[in-house]
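# Working through the structure, step by step
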Amino acid sequence: MKEQVVCKTTDLEPGQMKASLFGKQNVLICRTLDGEFYAFLNQCTHQGAPLDKGMICGATTDKSKPGEYDYCRKGEIVRCPWHGREFDIKDEGRMLANPNKKLPSYKVRIENDDVIIYK
Amino acid sequence: MAKNKIAIVDTDIHERVQYKDILKYLDEPFKHYITNCHWIQEKHMPYTQPAVAGVDRADAVLPDGRPAGSDLTFMQKQLLDDIGHEYGILTSALDPSPSSMHGWYEMATALASAYNDWQIEEWLEKDDRLYGSVHIAAQDRDAAVKEIERVGSHPKMVQVLLPIDDIMWGDPFYHPIFEAAEKHNLMIGMHHNEPPVYYGKWPRYFIEWHTLIPTAHMKQITNMIFNGVFDKFPNLGLMMIEGGFTWVPHIMWKMDQQYRDLRHEVPWLKRKPSDIFKEQIRVTTQPAEELTKQEFTSLIEQMGTDEILCFSTDYPHWDYDSPTRALPNMDPDLKKKIFAENAKAFYPKLPNS
Ligand code: FES
């Protein structure tokens, strides 16, 4: 199975993301606030925007009631730089407004301080 | 992104000025009011911006922090060269449009002129692909006509831009503007500025406002048609920019029905409203709702012509439409029309090779 070092663990602080290459594929490496790493195809499922140019942030969640915001999940949501669609890093890259859609993802493993991704 | 095989005429690109860039084109004392008296334009919109980088595509903000759309070289690289535009029409972001400013008509008029000069010198004359829009402060109608006379004959100016806001442009008071535009082979481009969409007010949420922008487009079309603008100026065309297009059959049917009942009140209409629409009004595609090929084809059938829609990206705004992803697959002939030929046939000053 093909695998590849895509960055060093020190390249990303918790709550950050960056683009990298996996073979010829443009991938997005995300690090959540608990220090975990995740990898997705760096292309929005909507119109293909480069997700690394967006934002890693929290979400106003579905616990919110009309007129009352519940904001949490900090560092666990990727928002697209174009139309702002939100993808849940910790839930297989599912889109918040339509969980049937998800970002294609990769498996991630850490060895020493290498971030390795594989299919 | 690979270059597109088909020609693309992009009917809505927002170049943006920063005051410091426009100052040299501004006459005194208006320059003084900005540099020494710190005048800034009013903003109307009450919302904190909901997307990642305000109303811009986050990846279109310049690496040095300047706002999206303010640098030609960057725009060439990210948009025109990358996609392979044949032509692009600039629709600006002088925010709000001079015609939407409240009070101080002199400042609005001066800004419109400075903007036109800046646009011509810094954009239109530097890139063959770019065509422009004449800015006016329409509230001072006579000054607006003078401005059209001053720059309207520039070979790369293709339309006069009016904001969709709270002024209904079909009112006879504004007809001299249409007369001047027609005289210079300019079309009218209408782009929403910050229209109040709820009975003259702002809704509570941006998402409500943004959902209902097309209602403001429908109001302007209804107003322009029934006030007889298109009968009075048969060579004038109207491009409705950035309202999407799925509402087009609805307003055609509605106006035709009303016309059959109430023609008595507007006897100057010599054609039914949907025919006026088909002949003199065009609509840009963005922001396109996600339709299947079947839904899209059926919608075009309902419009009764495939010559109304003209592709647009709205670069560099957050709700940008990608030419390869925003619209469903369509037959090659239709694709050619929507992506280039309809716009070329509409704007008399756009080369139609
Ligand atoms: S391209 Fe990502 S939300 Fe549209």
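Anything mentioned here points back to the structure above.
How each quantity is defined
Residues numbered from 1 in each chain as written. Chains lettered and ligands numbered in written order. Predicted model: local features only at pLDDT ≥ 70, side-chain atom pairs only at ≥ 80, totals over all residues. Heavy atoms only, no water. Helix = DSSP H or I, 4+ residues; strand = E, 2+ residues; numbered from the N terminus. Buried < 20%, exposed > 50% of the residue type's maximum accessible area, 1.4 Å probe, protein only. Core = buried A, V, L, I, M, F, W, Y, C linked by side-chain atoms within 4.5 Å. Contact = heavy atoms within 4.5 Å. Buried area = accessible area lost by both parts, 1.4 Å probe. Salt bridge = Lys/Arg side-chain N within 4 Å of Asp/Glu carboxyl O. Axes fitted to C-alpha atoms, helices over the stretch in contact; angles between N-to-C directions. Left-handed = near helix turned anticlockwise from the far one by under 90°. Nonpolar A, V, L, I, M, F, W, Y, C, P; charged D, E, K, R; others polar. Phe/Tyr/Trp six-rings, centres within 6.5 Å; stacked < 30°, edge-to-face > 60°. Lys NZ or Arg CZ within 6 Å of the ring centre and 35° of its normal. Pairing = 2+ DSSP bridges.

Next up on the list: unusual backbone geometry. Residues and elements named next belong to chain B. Here the residue pair Glu28 and Pro29 is connected by a cis peptide bond, since its omega of 10 degrees sits within 30 degrees of zero. Locating Pro29 in the fold gives a position in the loop between helix 1 (19–22) and helix 2 (30–35). Positive phi is not limited to glycine here, since Asn185 has a value of about 60 degrees. Relative to the helices and strands, Asn185 is located in the loop between helix 6 (175–183) and strand 5 (187–192). Looking at Asn185, the relative accessible area reads 45%, which means it is partly exposed. Not every positive phi belongs to a glycine, and Tyr199 is a case in point at roughly 50 degrees. Of note, Tyr199 is situated in the loop between strand 5 and helix 7 (206–226).

This part takes up the nonpolar core. All names here are of chain B. Phe178, Phe245, Phe277 and Ile338 are the most contacted members of the largest nonpolar core, which has 108 residues in total. In terms of residue count, helix 4 (residues 105–124) provides more of this core than any other element does, 10 residues in total. Ignoring sequence-local partners within four residues, the contact set of Phe277 consists of Ile221, Trp247, Val248, Ile251, Met252, Met255, Arg282, Val283 and Ile308. Within the second largest apolar cluster, 15 residues are counted, among which are Val9, Leu161, Ile241 and Ala340.

For the rest of this paragraph, the subject is the interface of chain A and chain B. Contacts between chain A and chain B engage 18 residues on the former and 17 residues on the latter. When the two sides are added together, the surface that chain A and chain B hide from each other amounts to roughly 1300 Å², 48% of it contributed by carbon and sulfur. The three residues of chain A that bury the most area against chain B are A:Gln47, A:Trp82 and A:His83, which together make up 46% of that side's buried surface. There are 1 salt bridge connecting chain A and chain B.

All names here are of chain B. For the pair helix 7 and helix 9 (residues 248–262), the least separation of the axes is 11 Å and the interaxial angle reads 35 degrees. Once helix 7 is placed against helix 9, the crossing between them reads as right-handed. On helix 9, the residues that touch Met218, Ile221, Thr222, Ile225 and Phe226 of helix 7 are His250, Ile251 and Met255. Residue composition of the contact of helix 7 with helix 9, by class: 6 nonpolar, 2 polar and no charged.

Attention shifts here to the packing of aromatic side chains. All told, the structure shown has 22 aromatic pairs over all chains when counted by the stated rule. Taking 5.0 Å as the distance between ring centres and 70 degrees as the angle between the ring planes, the aromatic pair formed by B:Tyr33 and B:Trp104 counts as edge-to-face. Of this pair, B:Tyr33 sits in helix 2 while B:Trp104 is found in the loop between strand 2 (87–90) and helix 4, placing the two residues 71 residues apart along the sequence. Accessibility expressed as a relative area gives 28% for B:Tyr33, which makes it partly exposed. Where B:Trp39 meets B:Trp104, the ring centres are 6.0 Å apart and the plane angle is 75 degrees; that geometry is what we call edge-to-face. With B:Trp39 in the loop between helix 2 and helix 3 (72–84) and B:Trp104 in the loop between strand 2 and helix 4, the pair connects residues that are 65 residues apart, well separated along the chain. Exposure remark for B:Trp104: the relative accessible area of 34% places this residue in the partly exposed category. Through a chain of ring-to-ring contacts, the aromatic side chains of B:Tyr19, B:Phe30, B:Tyr33, B:Trp39 and B:Trp104 assemble into a single cluster. One Lys or Arg, A:Lys2, reaches over the ring of A:Phe22 and ends 4.6 Å from the middle of that ring. One cation-aromatic arrangement involves A:Lys119 over A:Tyr106; the distance from NZ or CZ to the ring centre is 4.6 Å.

In regular strands, side chains alternate between the two faces of the sheet. Residue and element names in this part refer to chain B. Going residue by residue along strand 6 (residues 238–241), you find Leu238 and Met240 tucked away on one face and Met239 and Ile241 tucked away on the opposite face as well. Of the pairings in the sheet, the one linking strand 5 to strand 6 comprises 4 bridges and is parallel in character. From the neighbouring strand, His191 faces strand 6, where its bridge partner is Ile241. Looking at chain direction, strand 6 and strand 7 (residues 281–284) are connected through 3 bridges and run parallel. Along strand 7, the bridge assignment pairs Leu238 with Ile281.

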